[in-house]
Amino acid sequence: MAWSPGGAALAFVFATIDGIEVYLARPDAEGLAAPIDLTGVGLSTNPGKPFDWTFPRGAAIPAKSYLTVFTSKKSRRVPGRPLHTSFTLENGVEAVNLT
């Protein structure tokens, strides 16, 4: 899955029963390598609930970097600390939506 805030491409690279890695594939539309603010961006396994879990205020991903979100059902949303979704992935085969 890919998502393009401001022309920068975010892509899931890896999803297992333990977590999701999000990758900022390239610089933004202006060619800058600035971090992308993920505040309020949703993750979900349910298309009917696209904002089941959201990134907290201040969450960001630098260009050409990975960000791991653990799928532990612990719902931890503190920037700078390990992030945990409010859901788990069953056998690592569920689709994850980035909204």
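Student: Could you give an account of the overall build of the protein chain, naming the residues involved and the relevant values?
Tutor: From N to C terminus, the protein chain includes 0 helices and 10 strands. For the protein chain, the succession of helices and strands along the chain, N to C, is β-β-β-β-β-β-β-β-β-β. By the burial criterion, 35% of the 99 residues in the protein chain qualify as buried. Residue pairs in contact within the protein chain that sit at least 24 positions apart in sequence constitute 47% of those at least 6 positions apart. On the protein chain, roughly 5,400 Å² of surface is accessible, and the fraction owed to carbon and sulfur atoms is 54%.

Student: Please set out the sheet that holds strand S5 (residues 42–44) residue by residue, giving values where relevant.
Tutor: Read across the open sheet, the 3 strands follow the order S6-S5-S10; overall the sheet is antiparallel. The sheet terminates laterally at strand S6 (53–54) and strand S10 (97–98), the two strands that pair on one side only. In the sheet, S5 pairs with S6 via 2 bridges, with the strands oriented antiparallel. Residue pairing across strands places Gly-42 opposite Thr-54, the latter belonging to S6.

Student: Provide a residue-level description of the nonpolar core, including the pertinent values.
Tutor: One finds Ile-20, Leu-38, Leu-43, Trp-53, Phe-55 and Ile-61 to be the most contacted residues of the largest nonpolar core, which totals 19 residues. Elements that contribute at least two residues to this core include exactly strand S3 (19–24) and strand S8 (66–70). Broken down by element, this core gets its largest block of residues, 3 residues, from S3.

Student: If you had to explain the environment of Pro-79 to someone new, which residues and values would you point to?
Tutor: Turning to its location among the elements, Pro-79 is positioned in the loop between S8 and strand S9 (83–84). Once you skip the residues sitting within four places of it in the chain, Pro-79 turns out to touch Pro-56, Arg-57, Gly-58 and Ala-59.

Student: Could you give an account of the environment of Val-78, with specific residues and numbers?
Tutor: Topologically, Val-78 is positioned in the loop between S8 and S9. Judged by relative accessible area, Val-78 falls into the partly exposed class, the value being 48%. For the pair Val-78 and Pro-56, spaced 22 residues apart in the sequence, the C-alpha separation amounts to 6.5 Å. If near-sequence neighbours (up to four positions away) are discounted, Val-78 is found in contact with Pro-56 and Leu-83.

What counts and what doesn't
Residues numbered from 1 in each chain as written. Predicted model: local features only at pLDDT ≥ 70, side-chain atom pairs only at ≥ 80, totals over all residues. Heavy atoms only, no water. Helix = DSSP H or I, 4+ residues; strand = E, 2+ residues; numbered from the N terminus. Buried < 20%, exposed > 50% of the residue type's maximum accessible area, 1.4 Å probe, protein only. Contact = heavy atoms within 4.5 Å. Areas by Shrake-Rupley, 256 points an atom, 1.4 Å probe, with all protein chains shown as cover. Pairing = 2+ DSSP bridges. Core = buried A, V, L, I, M, F, W, Y, C linked by side-chain atoms within 4.5 Å.

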